[in-house]
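Observations on chain architecture
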Amino acid sequence: MTTLVLGGTGKTGRRVIDRLTALGRPVRVGSRSAVPSFDWTDRDGWADALHGVDAVYITYYPDLAFPGAVGDIESFTELAVKSGVTRLVLLSGRGEPAAEACERIIQRSGIEWTVVRCGWFMQNFSEGYLRESVLDGVIALPARDVAEPFVDVDDIADVAVAALTQDGHAGKVYELTGPRLLTFADVAAELSRALGRPVSYVPLTGAEFTAAAVEQGVPEGQVALLNTLFTEVLDGRNAYVMEGVREALGRPARDFTQFATEWAKTLPSP
């Protein structure tokens, strides 16, 4: 089976590609720089990316909560089915109504589907725009004291690859979390211990966060989305742990301490 991995250069996508390649599975990278290219804003190019593909790992940029995502997912799913795709695996968001609408679209597709539902990635602190802030010693976000069961991206990739390549995962919704709840202040303390340097959490208002993010060069549309996710989705609705990793893989989810310790080993000494 040839698998198309959308967002193939992103946090989960590139890990999924690495795992599929290691298994000897034919993979097509879905990104703007690939040949054929894939861009959510260019529907004319979708058919070429889907040609000869049996399974698709669907990630949506910048997020399924973004305006237009539901329409894009609906159109892409219809085209995928017409193109002969037999299996879809959707990376979805926790507690996002628009993401749940996208889940229903693939569930009605008439082909095999699996939903991998996740919240905050642990790797947002090591690979995303927060990386430099963490290394500078300050995590400044409008997150208040809400707790989140941060999930390791490697767990997400393992579950996605299992759903793409193995039987027994069709029709399943796997809600992935880490094994415990952490506030952002807890995260700062964990990172301080692992990195051997002080990291503090500074709560911001939405307006303060917007101004700081724009100053750092984050696109305004993405800033607005992030602010929405912080102020609406990060309101406690996801402050509970689920066993999706164990359900899919038969093993426990990775803990934040393990993630932070392993990341610290890749960094030069402070």
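The structure we're discussing is the one just above.
First, a word on what this report is: a plain description of the structure on this page. On a predicted model such as this, the values are computed, not experimentally measured, just so you know.

Moving on, we get to the pairing of strand 6 (residues 138-141). Two faces make up the sheet, and in a regular strand the side chains alternate between them. With burial as the criterion, only one face of strand 6 is covered, namely that bearing I139 and L141; the residues V138 and A140 on the opposite face remain uncovered. The pairing of strand 6 with strand 10 (residues 200-203) spans 4 bridges and is parallel. From the neighbouring strand, V138 faces strand 10, where its bridge partner is S200.

The next thing to look at is the sheet that holds strand 3 (residues 55-58). Spatial strand order, 2-1-3-4-5-8: 6 strands in an open sheet with parallel pairing. Both outer strands of the open sheet, strand 2 (27-30) and strand 8 (172-176), are each paired with one neighbouring strand and no more. On average, adjacent strands in this sheet sit at an angle of 15 degrees to one another, irrespective of strand direction. In the sheet, strand 4 (residues 87-93) pairs with strand 5 (residues 112-118) via 7 bridges, with the strands oriented parallel. Following the sheet pairing, L90 is matched in strand 5 by V115. Most of the contacts of helix 1 (residues 11-22) go to strand 1 (residues 3-6), to which it runs at about 160 degrees, and overall it touches strand 1, strand 2, strand 3 and strand 4. Relative to strand 4, helix 6 (residues 153-165) is tilted by about 155 degrees, and along the sheet it contacts strand 1, strand 3, strand 4, strand 5 and strand 8.

When two helices pack together, you describe them by how their axes are tilted relative to each other and by the distance separating the axes. Helix 11 (residues 256-265) packs onto helix 7 (residues 184-195) with a crossing angle of 40 degrees between their chain directions and a minimal axis gap of 9 Å. With respect to each other, helix 7 and helix 11 are oriented oblique. Note on packing geometry: the crossing formed by helix 7 with helix 11 is right-handed. Where helix 7 abuts helix 11, its residues V187, E190, L191, A194 and L195 lie against F256, T257, A260, T261, W263 and A264. Residues of the contact of helix 7 with helix 11, tallied by class, amount to 8 nonpolar, 2 polar and 1 charged.

Basis of the calculations
- Residues numbered from 1 in each chain as written.
- Predicted model: local features only at pLDDT ≥ 70, side-chain atom pairs only at ≥ 80, totals over all residues.
- Heavy atoms only, no water.
- Buried < 20%, exposed > 50% of the residue type's maximum accessible area, 1.4 Å probe, protein only.
- Helix = DSSP H or I, 4+ residues; strand = E, 2+ residues; numbered from the N terminus.
- Pairing = 2+ DSSP bridges.
- Axes fitted to C-alpha atoms, helices over the stretch in contact; angles between N-to-C directions.
- Contact = heavy atoms within 4.5 Å.
- Parallel < 35°, antiparallel > 145°, perpendicular 65-115°, else oblique.
- Left-handed = near helix turned anticlockwise from the far one by under 90°.
- Nonpolar A, V, L, I, M, F, W, Y, C, P; charged D, E, K, R; others polar.

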